[in-house]
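# Per-entry structural report
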Amino acid sequence: VWWWKCGGGGRGQSFNIAPQKEEPEMGHSGPKCVQRTGMLEPRSQQLDGHVASGCLPGEQILAWAPGVRKGLEPELPGTLICTNLRVTFQPCGWQRSQETPLSSEYDFALVNIGRLEAVSGLSRVQLLRPGSPLKFIPEEILIHGRDFRLLRVAFEAGGLEPQAFQVTMAIVQARAQNSQVQQYAGIPLSKAGQSTGSRKPPVPLLETSEDWEAERKKQGARGWRVSTINERFDIATSLPRYFWVPKRTLDSEVRRAFGHFHQGRGPRLSWHHPGGSDLLRCGGFYTASDPNKEDIRAVESMLQAGHSDVVLVDTVDELPSLADVQLAHLRLRALCLPDSSAAEEKWLSALEGTRWLDYVRSCLRKASDISVLVTSRVRSVVLQERGDRDFNGLLSSLVQLLSVPEARTLLGFQSLVQREWVAAGHPFLTRLGVTGASEEAPVFLLFLDCVWQLLQQFPAEFEFSEFFLLALHDSARVPDTLTFLRDTPWERGKQGGQFNSYTQIYNPGCCQPPAGNSVNSQLSVWDWDLRYNSEQILQFHNPGYDPEHCPDSWLPRQQPSFMVPGPPSSVWLFSRGALTPLNQLCPWRDNPSLLAVSSRWLPRAAISSESLADQEWGLPSHWGACPLPPGLLLPGYLGPQIRLWRRCYLRGRPEVQKGLSAPTISGLQDELSHLQELLRKWTPRISPEDHSKKRDPNTILSQSR
Amino acid sequence: MLGKGVVGGGGGTKAPKPSFVSYVRPEEIHTNEKEVTEKEVTLHLLPGEQLLCEASTVLKYVQEDSCQRGIYGKLVCTDFKIAFLGDDDSALDNDETQFKNKVIGENDITLHCVDQIYGVFDEKKKTLFGQLKKYPEKLIIHCKDLRVFHFCLRYTKEEEVKRIVSGIIHHTQAPKLLKRLFLFSYAAAAQNHAATDPRNHTVMFDTLKDWCWELERTKGSVKYKAVSVNEGYKVCERLPAYFVVPTPLPEEDLSRFQGHGIPLWCWSCHNGCALLKMSALPKKEQDDGLSQMQKSFLDGIYKTIHRPPYEIVKTEDLSSNFLSLQDIQTAYSKFKQLFLIDNSTEFWDTDIKWFSLLESSSWLDIIRRCLKKAIEITECLEAQNVNVLLLEENASDLCCLVSSLVQVMMDPHCRTRIGFQSLVQKEWIMGGHSFLDRCNHLRQSDKEEVPVFLLFLDCVWQLVHQHPPAFDFTETYLTVLSDSLYIPIFSTFFFNSPHQKDNVHQRQLSLPLTQSKSSPKRGFFREETDHLIKNLLGKRISKLINSSDELHDNLREFYDSWHSKPTDYHGLLLPHIEGPEIKVWAQRYLRWIPEAQILGGGRAATVSKLLEMMEEVERLQEKIDARPHGQGALLAEAPLLLRGSARLSALFPFALLQRHPSKPVLPTSGWKALGDEEDLAKREDEFVDLGDV
C-alpha cells in the first residue's frame, strides 16, 4: 500500500444503497415510544426531540456525542448515539421515518460490530478486545461492521470531549454485555401491520400447508404430495412442518424411512423439473440403525420416487468444510479492512490466499454439473449431506437458479431462499456466529456471493440487482426479524410466551423486554420496508433484466421424450465430476457400515461409451447426449471469471469504492422511461405494444409484490 | 440525461473491422455465399499475395478438448499468412459470417502474428527454428494475438511435411528485409486509395497545417510554434518532418545535435501548461570538449524555457527513474504464457493458482506504475501549474506511452475515436516509436521486441473499463487495434519512423535496409548487466517511493479529491490504481480460450443489452422528433442486431463459439495442499475473540 497507508483514505460514496436524503417531515415529533427510565443520564435530555423519536420500544439511549461522519463526501455532521440495541449515527436534520424504523445506512446493530478503533493523533487503539482500555480521549472512532460496512465518526472538539469518551466506552460495554441477549431476542419493532394479525407476508413463508400445495402446483410436481406428518415437529424439529413426498408413499412409510436418516431428515423433494426429473435432498444415512426389509423398501421408494435412474450426489465432496468457509471469511474480512497489510502489488495473491473465491467457484462448478444432470440429462438427483442443513441448501438453490428462470425473479428468489434455507432449517443463528458457538460458518453469505457471480456473468437474466443481494447480505446482521434469528423452523414457529421462556433458558437472569413488543413473529426479512425506504427498494430491480426471459416461455411443460428407457433401477454416484455406478441405494443391505467408509464408492473408472462427452462424465451410453435446454445457465468458474464482490467487501475501504459500469445501463434505462413517459403523455391513444414495452420501475414493483 | 455522443461508442462493436487508419484499403476478396456453396474450399489471396507452399491431409485439432479430435484440411503458407482450409465446411453458419473479419479468417495467421512454433517429436515439445534434421509429427503455433493452433502432420506425405514445416519456419522466423514485407507487394498490386475516405478525419500530423491545427485546438499557439526545419528530413531522420517547439528557440539550435536536446511540444493544458518531451543528448565518452558544449547548449535551452512566459519546468527522466523496457518485456512474456494454452489439462492445472501466477508476472503492476506516473504528471500540469518535460534516451518509447496517457486522461478530445487515432498518429507514429523493431516484424532481434504500444492500449483499457461513458470507443475497438499491429496491409505500424516510411515509398523500395537504427538503442539491453539493472532498479524504486513524502502527499490529495467528486466524463479523468482495480483485459487475452467463455452471458450480454437499449432510445427520440409532422408517422421497428442471435460468448464479436456442453474436471483437491494457516493465526484471533467478549 503505497500512499494510502497514512490516512485510511478520505473519499468515496458509500456502497450502501444511497438513502433518501430528505425524509419527509413527520407530523409528530413527540417521543412516543421512548421509555425514559432512570437509566438515562441527565445530559441526554439535551438531545433534540427528533433524535430520540427514532427509538424503538424498550430501547434506551446510553450515551451520545456530536460528531462528523467521515469517509463520505460531503462529510456529514450529526450525532453518534449508543443505545442498548444499536449504534446509530443520526445526521443533523435527518428524521427517522416511522415506517422504516431501522436505517440501512446509519444503524449498526451492536452484534454487527466487528472491530472498534479509537484514534487520537497518531495513536490508534483497538477496543472490544479484553484488556484494551481506552487511555485517551478519542478524536475519531472507526466501527467496522461484520457486514464489511464502516462507520467513521470524528468527534467535535470544544468541551464535548468527555462525551466522546463516554460514547466510546458505552459502545464497548453495550456490545459486550448485551450482544447475546439482544441478538437472540431481536430488536422489537412496532410495526403497524403487526397488531392487525392477518397481514399477508410479501413472500409465502411456507408455514402453512396451503403455501406448500400452491408451490407444488406451480412446479407441476404431479407425482408428489404435501406431507403433514411433521406438523407437530415430532419427526424432526429442524424440518419444516410440511414437505413434499412421493404421492404413493404413505405417511407411515415416511415415518419409517425418515428414522434411518441423520436427525430424521429423510429425502424430500426440492424441485421438480418439467421434463420429469426431480431434485431431492436428504441427510446422511443413519448408520447405526438396523432397518428391516420394509424400511429399506420405504427408503428406496422415496429416493427413487418413480425414476429408473437416480444419481446420488455426495454434497460435501469437493466442497469446503464448514471450518474452511469460516476461515476463508475471516481472512477475507482481514484483507478487506482499510489498513490491510497486503500491498497493492501483492493484492492478488493475498486475495487468492483467502481461498474464498476458490470456494465460490467450487460451489458454482458443482451446481452447474448437477443442473446439467437434472435438466439436460433428465436424471433425478439426490443431494446427500450428513446434516442436510448447509451445503444441500446452497447447492439446491444454486441449481434452481441456474435451471429455472422463475427463480431468477425477485419473488422467485425470495421464495427460493425461504424454502431452501429458512424453512429447510439452515441454522442461521449458529452459522452467522450470533450465539458465539464454535460452529460459525457463513454458508449463506457464501451462497450470496455465488449468486452475485451469476449476476455478474448473466446480467440480463436476473430480475433483482446487486443492491438487492447487498440488502439481503446486510440483513443477515440486523436482528430485527426471526428469519435469521433462529436455527430451526420449530423455534421460529414458537409464539410469544413460549419464546420468552426459551430466552430465559438461554440467558438466565436477564431482564426481558415486554412480551408484547419482543416478537416480530409476523415479520420476515422480506419485509424490506422495515429497513429500506421505497426509493431504495426500487433499486432492487435490475434495469438490465430482459423480460424476454419470462418464466412461461422457457420450456414446454412436459417432455416425455426426454425419458429414455434404461435398465431398471440404475443407481449412480456423482463424485469428482464423474459418475460411477452403485450397486444399491442404501448402505445397509450387504454391509451395514458401508456409508461410513467412503471407499464403498467404486474408484473412479473410465466406463466405455461412445460419446466423448459422456466419457468426461462417465455417463452410461444409453443416456445419450442431449442438447442444453433453453433457460439453463452454465456459469463460468475459472480463475479469471470468479471475481471479488467489491461493492460488498470493499465498502470499508472508501478509496476503492466506485460504481463502475452499473450507471451506464441504469442511466439508459432512466432515459428510456423518461422518453416513454413523454411519448405517452403526448400520444392520447396508445397501442398495447407500447404499453407492454414500458418498463416503469413502479409497475414492476407492484407486480412482484 | 446521457447524450448520444457519450455512450455512442457502443456502436463500435457492431461492425468489427480493422478500423485503424489504413493507407491502403483491404478489399473484399470473396463473398460469403460462394464459400458456403463450394465443396472444395479455395484459398483466397489478397492482391499481390503469393502461395509459397502447401500440404494436404493435415489434421487441425479442436483445441478445446484433449481428446485429439480435429478437422482434416490443407495447410498453406503464403507470403502473407499461414492458412488452414478445412475439408468440411459445414461448420460455417450464417451467424459466423456476420462477424467475419474481412481480411483474416478464423484459421488464418498472418506471418507477423506468429510468436513461437513448436514441434512435437515423440510426445515431446520442442521449439523449432533454423534448419531441421527431423520433422515433427505435430506443429503447435502460438500467435501474438494469443491464439494457439495445433496441426497434426502424421497423415501428411513426408515430402509435403518437409516443405510446409521448413517453409513456415523460414518465412516466420528468418530475418527479413524491410522491402520484403508483404505490405509492399500488396500496395503494388492493390489500388491505393490513400486517405481519401471522406469519413476519415483522423489528423495525420504529416503536414504543417495539422500541427498548427492542434496548436490552435489546445491554445498552445501563443508560446509554441510549428517548424518545418526538418522538411525532407534534413536535420534528423528520427524526427517527423514537422514538429512544434517553444517560440523563442532559434532554428539553428534544432539542427545542432540532430534534434537531441530539443524540447518538443506534445500538448497544452487548458491553463497554458504544456507537456514537452526531449530526447537526451548522446553520451560521448572521453570527449570533454563535446560534453562541455552539450552542457552549455542544454543550459541555453533550459534558460529559454524557464523564462516567462513559460511556467516552471519539471523534468521527468523516464529512462532512469521509471520502468525499463526490459521490465516490460520480461513481464509480458511471463504474462502471455498464462493465456497460451496448449491443452485443457494444462489450463486447469494452472487455473487454481490463477491470481498468484498473474501477480508474479507483474504485468498488472507495470500497468499500475504507468497509470500512476501519468497521474503524477497530470497533477503537475493541472494542480501545480508547471510544465513537464519528459526525458528519455530517444523519446520514442516510454515518452510516447506516458504523454499519450496523460492526454487521454486530460483531454476529452482524445477519448473520441477520431481524437484517439489522431493521438496515436501524433505521439506514436510521428513520435517515432519504432514499431518495426518493437514488434519484431523483421525478426531481426528478439531483444528489441517490447510491447510498449500494447502496454499503452492496456492502460487505456483500464480507463475504458473503469469509466466506459467517458469514451467514444469500446474495448472491442482497442482489441481490434491491437490485432492490427500484426496485419501487414496497413502501413501504420510497420515502420520505425516517418522518415523510413516516406523514404521507402519515394525510392520505390530499392533501398537496402539500414542497420543504423538499432545501435543507439543498444543501451537498454546489456546482457551481462541484466540482473544487476533489475536489482538496482528494484531498490531504487522502493527508495523513491519511501522518499519524497511531500510529493506523494500532494499526489494523494489530488487523487483523493478527484475521486471524491462526481465524475465529469467530459473533463479530467483519473483511473483508480488500487490493487483490486487493475484488471486483466479479458477480451483480448482470454477470448480464444474456450473454457473461459460464459455462454449467453458475460460482458457480451451487457454490451448487447446496452445496444438494445440505445437503439430503443434512439427510436423513441426519432418518434418524438417526428411528432410535429404528423401523428401517423410511426417508424417501423428496426430489427435488432443481436436479439435472438445465437448465444453470445466472450469471443463475440470475433467469432461465435460453439461449445460442447461437457465439462472437464477441475482438480479442486489442490486446495488442501496449497495453504498454510499459520500466517493467519494472528489475524484470526483478533476476530475470533470477538464472539467471546
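Residues numbered from 1 in each chain as written. Chains lettered and ligands numbered in written order. Predicted model: local features only at pLDDT ≥ 70, side-chain atom pairs only at ≥ 80, totals over all residues. Heavy atoms only, no water.

## So, the overall build of chain A
The cut-off we apply is this: Each helix is a run of H or I in the DSSP string that is no shorter than four residues. Each strand is a run of E no shorter than two, and both are numbered from the N terminus. Here's how the labels work: a residue is buried when its accessible area is under 20% of the maximum for its type, exposed when over 50%, partly exposed in between, all with a 1.4 Å probe on protein chains only. Residue contacts follow a heavy-atom distance rule, with two residues in contact if any of their heavy atoms lie within 4.5 Å. Using a 1.4 Å probe, the Shrake-Rupley method yields the accessible areas, and only the shown protein chains count as cover for residues.
The secondary structure content of chain A amounts to 23 helices and 16 strands. Within chain A, buried positions represent 63% of all 705 residues. Put simply, 71% of the contacts in chain A that link residues at least 6 apart link residues at least 24 apart. Carbon and sulfur atoms form 53% of the exposed surface of chain A, whose accessible area is close to 25,700 Å².

## Details of the overall build of chain B
Counting its secondary structure elements, chain B contains 24 helices and 14 strands. Relative to its 693 residues, chain B shows a buried fraction of 56%. In chain B, of all internal contacts separated by at least 6 residues, the share reaching a separation of at least 24 is 72%. On chain B, roughly 29,500 Å² of surface is accessible, and the fraction owed to carbon and sulfur atoms is 52%.

## What to know about the sheet that holds strand E1 (residues 51-61) of chain B
Residue and element names in this part refer to chain B. The criterion, for reference: Two strands qualify as a pair provided DSSP detects at least 2 bridges between them. Axis definition: a line fit to C-alpha positions, over the contact stretch in the case of helices; interaxial angles, taken between N-to-C directions, run 0 to 180 degrees.
Spatial strand order, E4-E3-E2-E1-E8-E7-E5-E6: eight strands in an open sheet with antiparallel pairing. The open sheet has two edge strands, strand E4 (108-110) and strand E6 (124-127), and neither has a second partner. Taken over all neighbouring pairs, the strand axes of this sheet differ in orientation by 30 degrees on average, direction set aside.

## Side note on the packing of helix H7 (residues 322-336) of chain A against helix H8 (residues 347-354) of chain A
All names here are of chain A. What counts is decided by this rule: Just so you know how the angles are binned, under 35 degrees is roughly parallel, over 145 roughly antiparallel, 65 to 115 roughly perpendicular, and the rest oblique. Gly is placed with the polar residues, together with every amino acid not listed as nonpolar (Ala, Val, Leu, Ile, Met, Phe, Trp, Tyr, Cys and Pro) or charged (Asp, Glu, Lys and Arg).
Contact geometry of H7 with H8 gives a least axis separation of 8 Å together with a crossing angle of 155 degrees. Compared by their axis directions, H7 and H8 come out roughly antiparallel. Contacts from Ala328, Arg331, Leu332 and Leu335 of H7 reach H8 at Trp347, Ala350, Leu351, Gly353 and Thr354. Among the residues forming the contact of H7 with H8, the class breakdown is six nonpolar, two polar and one charged.

## Comments concerning the packing of aromatic side chains
As a reminder of what qualifies: Only Phe, Tyr and Trp rings take part, Trp by its six-membered ring, and two of them pair if their centres are within 6.5 Å. Stacked means planes under 30 degrees apart, edge-to-face means over 60, and tilted covers everything else. Two limits define a charge over a ring: the Lys NZ or Arg CZ must be within 6 Å of the ring centre, and within 35 degrees of the ring normal.
Under the definition given, this model contains 54 aromatic pairs over all chains. Above the ring of Phe108 of chain A, the side-chain terminus of Arg149 of chain A is found at 4.4 Å from the ring centroid. Over the ring of Tyr118 of chain B we find Lys125 of chain B; its NZ or CZ atom is 4.4 Å from the centre of that ring.

## A closer look at the pairing of strand E12 (residues 274-279) of chain B
Regular strands place their side chains on alternate faces of the sheet. All names here are of chain B. For E12, a buried count of six out of six residues is recorded, marking the element as mostly surrounded by other parts of the structure. Side chains Ala274, Leu276 and Met278 project from E12 onto one buried face, and the interleaved Leu275, Lys277 and Ser279 project onto a second face that is buried too. In terms of strand pairing, strand E11 (residues 264-268) meets E12 through four bridges, oriented antiparallel. Residue Trp267 lies in a different strand from E12, and its bridge partner there is Leu275. Where E11 hands over to E12, the hairpin turn is made up of five residues, of which Gly272 adopts a positive phi near 95 degrees. As judged from the five bridges shared by E12 and strand E14 (residues 387-392), these two strands associate in the parallel manner.

## With respect to the state of the cysteines
Note on terminology: disulfide describes a covalent bond linking the sulfur atoms of two cysteines. For clarity, the cut-off: Two cysteine sulfur atoms make up a disulfide if the distance between them is within 2.5 Å.
Counted under the stated rule, the structure contains zero disulfides over all chains. Looking at the unpaired Cys450 of chain A, the closest cysteine sulfur is the one in Cys363 of chain A, lying at 4.5 Å. Cys266 of chain B supplies the cysteine sulfur nearest to Cys414 of chain B, a cysteine that is in no disulfide, at a spacing of 11 Å. Looking at Cys414 of chain B, the relative accessible area reads 2%, which means it is buried.

## Looking at the side chain of Ser524 of chain A
Note on placement: Ser524 of chain A falls in the loop between helix H17 (515-518) and helix H18 (534-538). Those residues in contact with Ser524 of chain A, other than ones at most four positions away along the chain, are Leu205, Thr481, Thr483 and Arg531 of chain A.

## Overview of the pairing of strand E8 (residues 150-155) of chain A
All names here are of chain A. Of all six residues in E8, six are buried, a share of seventy percent or more. Every second residue of E8 is oriented toward a common face, with Leu150, Arg152 and Ala154 on one face and Leu151, Val153 and Phe155 on the other, all of them buried. Alignment of strand E1 (residues 61-69) against E8, held across three bridges, turns out to be antiparallel. Directly across from Val68, in E8, lies its bridge partner Ala154. As defined by bridge partners, strand E7 (residues 140-145) adjoins E8 across five bridges and the pair is classed as antiparallel.

## Remarks on the sheet that holds strand E15 (residues 570-575) of chain A
Residue and element names in this part refer to chain A. Judged by pairing direction, the sheet is mixed, and its six strands sit side by side in the order E11-E12-E14-E13-E15-E16 without closing on themselves. Two strands lie at the open edges of the sheet, namely strand E11 (268-272) and strand E16 (578-582), each paired on one side alone. Strand-to-strand twist of the sheet, defined as the mean angle between neighbouring strand axes without regard to direction, takes the value 30 degrees. Those strands touched by helix H10 (residues 391-403) are E11, strand E12 (278-282) and strand E14 (380-384), and its axis lies near 170 degrees from that of E12.

## Here we look at the pattern of salt bridges
All names here are of chain A. Put simply, the rule reads: Salt bridge criterion: a side-chain nitrogen from Lys or Arg within 4 Å of a carboxyl oxygen from Asp or Glu.
All chains considered together, the criterion is met by 48 salt bridges over all chains. Among the salt bridges present, the one from Glu213 reaches Arg216, with a minimum N-O distance of 2.8 Å. Taken together, the positions of Glu213 and Arg216, both in helix H4 (residues 209-219) and three residues apart, correspond to about one turn of that helix. Given the relative accessible area of 26%, Glu213 is considered partly exposed.

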